[in-house]
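What follows is each chain in one-letter form.
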Amino acid sequence: MLQAVAAAASVRHATSPNPWVGAVVVADGVVVGTGATGPPGGPHAEINALADAGASARGATLYTTLEPCDHQGRTGPCTEAILGAGIARVVVGVTDPDPEVSGRGTARLRKDGIDVLEGVAAAEVAEQLAAYLHQRRTRRPYVVLKLAATLDGRIAAPDGSSAWITGAEARADVHRLRAESDAVCVGAGTVRLDDPALTVRDWSSSRGGPVVDPRRIVLGSVAGDARVQPAETHEGPLEDLLDRLGAEGVLQLLVEGGADVAGRFHRAGLVDRYVVYLAPALLGGDDGRPLLAGPGAPTMAELRRGRFASVVALGDDLRLDLVLDGS
């Protein structure tokens, strides 16, 4: 299953709005086929793994990170392909919460005599597919709030300057994070001050090929000649934005706004994952821009706690991924 997880990781940026799934076919203890989900409209992971295995799939075990589909979409049902290939056993990481699938795929396989085991490496798979699973369950995109800060928790100097707090490795990782997101959101103030392009150019060039830039969404009005163009604008409640994007198939929204936008999303309880790039630097005062603007918890009793899902060194910087309790 962990090999299937690794296969899925290789297509993380290329499959949305479909989930990034990996599959492995094992016969007599030997991996005979590996596959991952293709771009939208392309084969699912199970189909690619079965094709890679060929005749060796008969009587073999198929490992797949997500429950196989049993309905006709842009591609045919994966269950039909599994049955046709003569697979004897299917091992599933997590059940697909999509109403079109949810339990139907495994039920169909069992009905036709295939041995099905579910929940293998479920924690690892659920972490990898967090954005997809969240969107299917809530009908809203998975919201990732990204911030870059000094060790004393400042995202900009008193004069508003913030380039560059972190080093090249961390900035390239931000571009990778954008490539994994269907849309990126900033405030109009950030556009006026920094004039960001919000592209994935560093990640794209490192991969040696093009990667699609995310949709750019600005909270407020934006000039026609801003580098962020073409961009969409949004006025009104953030909840309305998430409802609309979820209905449009956006799985992950990356919020890159400044302290005001970050504070709005945080106080509304709309952030699913906080990604903070922490630099070994100090502004050394209380007049710099904080991570989150606006009122915070009034007492320690109301402090919101969570867990660090990961801590990764990127050059001289650290990337801290925080998931709050209840998220």
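Residues numbered from 1 in each chain as written. Predicted model: local features only at pLDDT ≥ 70, side-chain atom pairs only at ≥ 80, totals over all residues. Heavy atoms only, no water.

Considering the sheet that holds strand 14 (residues 306–314)
Here we have 8 strands laid out as an open sheet, ordered 10-9-8-11-6-12-15-14, and mixed in their pairing. Two strands lie at the open edges of the sheet, namely strand 10 (232–234) and strand 14, each paired on one side alone. Adjacent strand axes in the sheet meet at a mean angle of 25°, parallel and antiparallel pairs treated alike. In this sheet, strand 9 (residues 215–219) lies alongside strand 8 (residues 183–187) in parallel orientation, the contact comprising 5 bridges. Looking at the pairing, Ala 183 lines up with Arg 215 of strand 9. Its contacts with the sheet place helix 10 (residues 238–247) against strand 6 (142–149), strand 8, strand 9, strand 10 and strand 11 (252–255), and it is angled at close to 160° to strand 9. (Pairing = 2+ DSSP bridges. Helix = DSSP H or I, 4+ residues; strand = E, 2+ residues; numbered from the N terminus. Axes fitted to C-alpha atoms, helices over the stretch in contact; angles between N-to-C directions. Contact = heavy atoms within 4.5 Å.)

Considering the nonpolar core
In this structure, Val 25, Leu 62, Ile 82, Ile 87, Val 90, Leu 129 and Tyr 277 are the most contacted members of the largest nonpolar core, which totals 56 residues. Top element by residues in this core is strand 1 (residues 22–27). It accounts for 5 residues. Other than its neighbours up to four places away in sequence, Leu 129 contacts Pro 19, Trp 20, Leu 66 and Val 94. The next biggest cluster of nonpolar side chains, apart from the first, holds 21 residues, and it includes Leu 147, Leu 241, Ala 262 and Leu 324. (Core = buried A, V, L, I, M, F, W, Y, C linked by side-chain atoms within 4.5 Å. Buried < 20%, exposed > 50% of the residue type's maximum accessible area, 1.4 Å probe, protein only.)

As for the environment of Asn 18
With respect to the element layout, Asn 18 can be found in the loop between helix 1 (2–9) and strand 1. Look at Asn 18 and you get buried, because its relative accessible area is 16%. Sequence separation between Asn 18 and Gly 41 is 23 residues, and the spatial gap between their C-alpha atoms is 9.1 Å.

Examining the sheet that holds strand 5 (residues 115–118)
The strands making up a sheet are joined through hydrogen bonds of the backbone, oriented either antiparallel or parallel. The 5 strands are arranged 2-1-3-4-5 in an open sheet whose pairing can be described as mixed. The sheet is open, and its two borders are formed by strand 2 (30–36) and strand 5, each paired with just one other strand. Between one strand axis and the next, the sheet turns through 15° on average, direction left out of account. Here strand 3 (residues 61–66) pairs with strand 4 (residues 89–94) via 5 bridges, running parallel. When the bridges of strand 4 are listed, Leu 62 appears paired with Val 90.

Points about helix 2 (residues 45–53)
For helix 2, the complete set of buried residues consists of Ala 45, Glu 46, Ala 49, Leu 50 and Ala 53. When helix 2 is viewed along its axis, its buried side chains cluster within an angular range of 130° and face the same direction. Against the buried residues of helix 2 lie strand 1, strand 2, strand 3 and helix 3 (78–85). A positive phi of about 65° marks Gly 54, the residue just after helix 2. (Arc of directions from axis to C-beta.)

A look at the state of the cysteines
Considering all chains together, one arrives at 0 disulfides under this definition. Free cysteine Cys 69: the closest other cysteine sulfur is in Cys 78, separated by 3.7 Å. Its relative accessible area of 1% is what places Cys 78 among the buried residues. (Disulfide = S-S within 2.5 Å.)

With respect to the packing of helix 3 against helix 4 (residues 104–111)
Where helix 3 contacts helix 4, the two axes come as close as 10 Å, and the packing angle between them is 25°. Between helix 3 and helix 4, the angle falls in the class roughly parallel. In the packing of helix 3 onto helix 4, the handedness of the crossing is right-handed. Seen from helix 3, the contacting residues are Thr 79, Glu 80, Ile 82 and Leu 83; seen from helix 4, they are Gly 105, Arg 108 and Leu 109. Looking at the contact of helix 3 with helix 4 residue by residue, the classes come out as 3 nonpolar, 2 polar and 2 charged. (Parallel < 35°, antiparallel > 145°, perpendicular 65-115°, else oblique. Left-handed = near helix turned anticlockwise from the far one by under 90°. Nonpolar A, V, L, I, M, F, W, Y, C, P; charged D, E, K, R; others polar.)

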